[in-house]
Amino acid sequence: LEDYQEQQDRPAAVHSRLVSFVLGMLTLTATAVGAYFFLAKDDIDLQRGKSQHDNFQGTVTMATIQSHAVPEDCWMAIHGNVYDMTEYAPIHPGLPTLITRHCGKDATAEYDFEHSLVLLPIVNEYLLGTVDFTASPTLRPSKAPTSPTIAPSPPTTPPTMAPTERGATRSPTNRPTTAPPTMRPTTPPPTLRPTTAAPTTPWGCPMEFYTLANVAQHPDANSCWYVLYGVVYDFTNYIDDHKGGRGTILAECGTDATVPYEKEKKHDVSLLIKKGFSSMIIGRLGTTRETGRVACDEVDLVAVTAGTMN
């Protein structure tokens, strides 16, 4: 009876294991397909497989990175890694200038503002190595100034009494003696020249500030300026590329178009970032026309005032 029961239970156990295996494979397949479409949605090339650049360096100093600061030879540091982005910049899903403006620099802050760390492995094939933060110039020891010394003078001989004939009185005679030592002239100690204070480096990076009156002077297709979220844009060259047609753009030239912009479907701050509109920024909205300064990591901010996230 027990053998019969075991034979009856065996197919059920096999069936249960088979169902678990199939469900597991379906889950893995669904996860892989989901990841594929997630990456493909952002125009990410899934065929890249190299883990580093052919010219892998190992460690690279910041001085070396700064010597590759042009679009034709573009190196940069991101989260302690060094990348040669010369070939990647032209195929970047955004504008190439979003890459080339940071050539020769540590672009960690700019990368974090635009992207997640999840996407960083996409550029592994351009990896040159890691940043060598230990390399720094050393100071050579300076020679201690020497003090002038006084030369020793020869010893002097005291005067002696010369011998006299018998009966004559003795009188002291001075033999020629060496002149008393004189102090040799010494060189006066060097005087310190007054040093000029080193020029101080101005804080931040320059930024142009415009008033609404300045923006209103650019109201048409010849020169079309916009204000969006406190940032001033020059959309003149974007008019013909706008998918919604020229009229939508031209209607708001020369104005603060933040409110009309948000009324359009899916128009918010994130769209400005996704479309790479930071390359069209010419300044910020201010109360007077002036050249001011802002933190360097905030130069490319597409919005400096709160906006509605649709």
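Structure: see above.
Keep in mind it's a predicted model, so treat the numbers as computed, not measured. (Residues numbered from 1 in each chain as written. Predicted model: local features only at pLDDT ≥ 70, side-chain atom pairs only at ≥ 80, totals over all residues. Heavy atoms only, no water.)

Another aspect to go through is the sheet that holds strand β3 (residues 73-78). A sheet is described by the order of its strands in space; here five strands give the open sequence β1-β5-β4-β3-β2, paired in mixed fashion. Either end of the sheet is taken by a strand with one partner, and the two such strands are β1 (58-61) and β2 (69-70). Here β3 pairs with strand β4 (residues 81-84) via four bridges, running antiparallel. Bridged to tryptophan 75 within β4 is aspartate 84. (Pairing = 2+ DSSP bridges. Helix = DSSP H or I, 4+ residues; strand = E, 2+ residues; numbered from the N terminus.)

What follows is about the state of the cysteines. Per the counting criterion, the structure on display carries three disulfides. Between the sulfur atoms of cysteine 205 and its disulfide partner cysteine 296 the distance amounts to 2.0 Å. Here the disulfide of cysteine 205 and cysteine 296 is right-handed, its torsion about the S-S bond being about 95°. Of this pair, cysteine 205 sits in strand β6 (residues 205-210) while cysteine 296 sits in the segment after β12 (290-294), placing them 91 residues apart in sequence. Each sulfur in the disulfide pair cysteine 224 and cysteine 253 lies 2.0 Å from the other. Between cysteine 224 and cysteine 253 the disulfide shows an S-S torsion of about -90°. By sign, it is left-handed. Highlighted residues: cysteine 224 in strand β8 (residues 223-228) and cysteine 253 in the loop between α6 (246-250) and β10 (255-256), separated in sequence by 29 residues. Across the pair, exposure class does not vary: cysteine 224 and cysteine 253 are buried alike. Each bonded cysteine in the protein gets a number by its place in the sequence, and the pairs come out as 1-2, 3-6, 4-5. (Disulfide = S-S within 2.5 Å. Buried < 20%, exposed > 50% of the residue type's maximum accessible area, 1.4 Å probe, protein only.)

With that out of the way, let us pick up the pattern of salt bridges. Any two side chains of opposite charge can pair if their charged atoms end up close together. According to the stated counting rule, one finds three salt bridges in the structure shown. Aspartate 300 is the salt-bridge partner of arginine 101, the closest N and O atoms lying 2.5 Å from each other. In this pair, arginine 101 sits in the loop between α3 (97-100) and α4 (108-114) while aspartate 300 sits in the segment after β12, placing the two residues 199 residues apart along the sequence. Across the pair arginine 246 and aspartate 240 runs a salt bridge, and its minimum N-O distance is 2.4 Å. A relative accessible area of 59% places aspartate 240 in the exposed class. (Salt bridge = Lys/Arg side-chain N within 4 Å of Asp/Glu carboxyl O.)

Right, let's get into the pairing of strand β11 (residues 281-285). By the bridge criterion, two bridges tie β6 to β11 in an arrangement that is parallel. Bridge pairing in β11 places phenylalanine 209 opposite arginine 284. In this structure, strand β9 (residues 231-234) lies alongside β11, joined through three bridges in antiparallel fashion. Bridging from a neighbouring strand, valine 231 pairs with arginine 284 of β11.

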